[in-house]
Amino acid sequence: MRKQTPLIAFTAFMLSAGIAHAQFLFWPQYRFWPGHYAPFKHKHHHRQTNSESAKNARPEDPPKGPLQIIISIADQRVSLFDNGALIARSSVSTGTQGHPTPLGVFSVISKQRWHRSNIYSAAPMPYMQRITWSGIALHAGVVPGHPASHGCIRLKNDFAIRLWHLTKRGTRVIIAHDDVQPVEITNPHLFKPKAVSGSPEFQAATVAGKSISTAAATHGSLVSNAETPEATSLQVPSSAPAGGAPKKMVPISVFVSRKLSKLFVRQGFSPLFDVAVKIENPEEPLGTHVFTAMEFQSEGAAIRWTVVSIPEEFPRMSEGATKEREAPAKQTALSVPSPDKANAALNRIEIPQDTVERISELLTPASSLIISDNGFSHETGKDTDFIVVTH
């Protein structure tokens, strides 16, 4: 029996490695470490099939800015954007017609490596990233090439592991019917930073913005802090008043609802204030648009913005139609969306000047502005960002 043990162990290893390799599929031009990311060390991580890439792998620069996760129901794929640029893609399996995945604007509200479902017979949900308290999450699972879940977004195992290590609480998740992506936008109605270059506030906000991505990419802190509350606040000694505690800079989220004719502000998952706003032609739709502040420009006098516009609601595809997508999708050049609808929405909203100034004082990289015809979901509450369900 002892002589057979090495053979059995070797056979088991080769079988597990083969299965892992079969589940791991990235779009050819968007691998997870094309010079931006190196493989993360993990005790369950299998040997790289490409010995050269494994040999040359090394820690790279941290993400340049806020991360955004965008899921396309029609394409059954997830796209990861860093600082507005696409860095990785992979296949997913979303909810079936009887258990659809909700469309809209979400964020990661909790994370757990080895989670089991509280609803479906303790089904395993490894590398779980929750986006609603009612049970919708991203997690590793079987990805057959068509919708097959009970509403969650199943990810391929290796992609789920790497994504779990990159994100933090507060990372934006957008779920749309079709493929959408961030696009650069400039508009005089977008908030501008009030902090002046060289001031303690500007220095603190600049470092805080960098810390958002750094905390998500520093290998040592990823493992130890991934399940703790969001790491967007940063203590900066130069910003601390004499004898006082260091100042913390936390990105804010602003939500404008046409349905409610109000603007709401949250910071660090907690509500700050809300005010009434005027909307030109309030009976006409604005659409749903997610604006994200990337980084300061012009020595703090401006900030770069991107926007993701979610298309109008589309009818969900039948399971039969989506199964036709099991074959690998053809690689096509990414089209650059137009910000025209987002600009039109901004131009119709009138925000009180004192509110604009108050928001400008709080503005940091990774802050966001969401505009929607809808109100926020009833799940928006304690320990969440704004949750806006469009379908």
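Just so it is clear, the structure is predicted and the values come from calculations on it, not from any experiment.

**Things to note about the overall build of the protein chain**
Here is step 1: In terms of regular secondary structure, the protein chain is built from eight helices and 21 strands.
Here is step 2: The burial tally for the protein chain puts 49% of its 391 residues in the buried class.
Here is step 3: Only carbon and sulfur atoms are counted for the fraction: they give 55% of the accessible area of the protein chain, which is about 19000 Å².

**Regarding the packing of aromatic side chains**
Here is step 1: With the rule as written, the count across this model stands at six aromatic pairs.
Here is step 2: Geometrically, the ring pair formed by Phe264 and Phe376 is edge-to-face, given 5.0 Å between the ring centres and 80 degrees between the ring planes. Of this pair, Phe264 sits in strand 14 (residues 262-267) while Phe376 sits in the loop between strand 20 (368-372) and strand 21 (388-389), and the two are 112 residues apart along the sequence.
Here is step 3: Overall, Phe264 belongs to the buried group, its relative accessible area being 12%.
Here is step 4: Relative accessible area serves as the criterion here: at 32%, Phe376 is assigned to the partly exposed category.
Here is step 5: Ring geometry for Phe376 versus Phe386: centroids 6.0 Å apart, planes at 35 degrees, classification tilted. Linking Phe376 in the loop between strand 20 and strand 21 with Phe386 in the loop between strand 20 and strand 21, this pair joins segments that are ten residues apart in sequence.
Here is step 6: Note on Phe386: relative accessible area 1%, which makes it buried.
Here is step 7: The ring centre of Phe386 lies 5.6 Å from the NZ or CZ of Arg266, which sits over that ring.

**What to know about helix 8 (residues 353-362)**
Here is step 1: Taken together, the buried positions of helix 8 are Thr355, Ile359 and Ser360. Viewed along the axis of helix 8, the buried residues span an arc of 135 degrees, placing them on a single side of the element. Exposed residues on helix 8 whose side chains face more than 90 degrees from its buried face are Gln353, Asp354 and Glu361.
Here is step 2: Where helix 8 is buried, its residues touch strand 13 (252-257), strand 14 and strand 15 (270-276).

**Details of the environment of Gly141**
Here is step 1: Structurally, the position occupied by Gly141 is in the loop between strand 7 (137-140) and strand 8 (153-155).
Here is step 2: Residue classification places Gly141 among the partly exposed positions, given a relative accessible area of 30%.

**Notes on the pattern of salt bridges**
When charged atoms on two side chains of opposite charge get close, those side chains can pair.
Here is step 1: What the rule picks out here adds up to ten salt bridges.
Here is step 2: Between Asp75 and Arg77 there is a salt bridge, with the nearest N and O atoms lying 3.8 Å from each other.
Here is step 3: One salt-bridge network, held together by shared partners, links Asp75, Arg77, Arg89 and Asp179.

**Regarding the side chain of Ser257**
Here is step 1: In this fold, Ser257 is placed in strand 13.
Here is step 2: A polar contact is formed between the side chain of Ser257 and the backbone nitrogen of Leu260, at a distance of 3.1 Å.

**Notes on the side chain of Asp385**
Here is step 1: For Asp385, the position within the fold is in the loop between strand 20 and strand 21.
Here is step 2: Relative accessible area serves as the criterion here: at 6%, Asp385 is assigned to the buried category.
Here is step 3: A polar contact is formed between the side chain of Asp385 and the side chain of Arg172, at a distance of 3.5 Å.

**Thoughts on the sheet that holds strand 10 (residues 183-185)**
Here is step 1: Ordered by their spatial adjacency, seven strands build an open sheet running 10-18-17-20-13-14-15, and the pairing between neighbours is mixed. What marks the edges here is a single partner per strand, and that holds for strand 10 and strand 15. Sheet twist, expressed as the mean angle between neighbouring strand axes with direction ignored, is 25 degrees.
Here is step 2: Bridging between strand 10 and strand 18 (residues 302-310) involves three bridges; their strand directions are antiparallel. What sits directly across from Val183, in strand 18, is Val307.
Here is step 3: Each of strand 10, strand 17 (288-297), strand 18 and strand 20 is contacted by helix 7 (residues 340-347), which is oriented at about 90 degrees to strand 17, the strand it contacts most.
Here is step 4: Together, strand 13, strand 14 and strand 15 form the strand contacts of helix 8, whose direction differs from that of strand 15 by roughly 155 degrees.

**Considering unusual backbone geometry**
Here is step 1: Positive phi values are uncommon outside glycine, yet Asn83 reaches one of about 60 degrees.
Here is step 2: Its location among the elements puts Asn83 in the loop between strand 2 (77-82) and strand 3 (85-93).
Here is step 3: The exposure class of Asn83 is buried, given its relative accessible area of 15%.
Here is step 4: In this model, Glu299 sits at a positive phi of 55 degrees, which is unusual for a non-glycine residue.
Here is step 5: Of note, Glu299 is situated in the loop between strand 17 and strand 18.

What counts and what doesn't
Residues numbered from 1 in each chain as written. Predicted model: local features only at pLDDT ≥ 70, side-chain atom pairs only at ≥ 80, totals over all residues. Heavy atoms only, no water. Helix = DSSP H or I, 4+ residues; strand = E, 2+ residues; numbered from the N terminus. Buried < 20%, exposed > 50% of the residue type's maximum accessible area, 1.4 Å probe, protein only. Areas by Shrake-Rupley, 256 points an atom, 1.4 Å probe, with all protein chains shown as cover. Phe/Tyr/Trp six-rings, centres within 6.5 Å; stacked < 30°, edge-to-face > 60°. Lys NZ or Arg CZ within 6 Å of the ring centre and 35° of its normal. Arc of directions from axis to C-beta. Contact = heavy atoms within 4.5 Å. Salt bridge = Lys/Arg side-chain N within 4 Å of Asp/Glu carboxyl O. Polar contact = N/O pair within 3.5 Å; in protein donor to acceptor, adjacent residues only side chain to side chain. Pairing = 2+ DSSP bridges. Axes fitted to C-alpha atoms, helices over the stretch in contact; angles between N-to-C directions.

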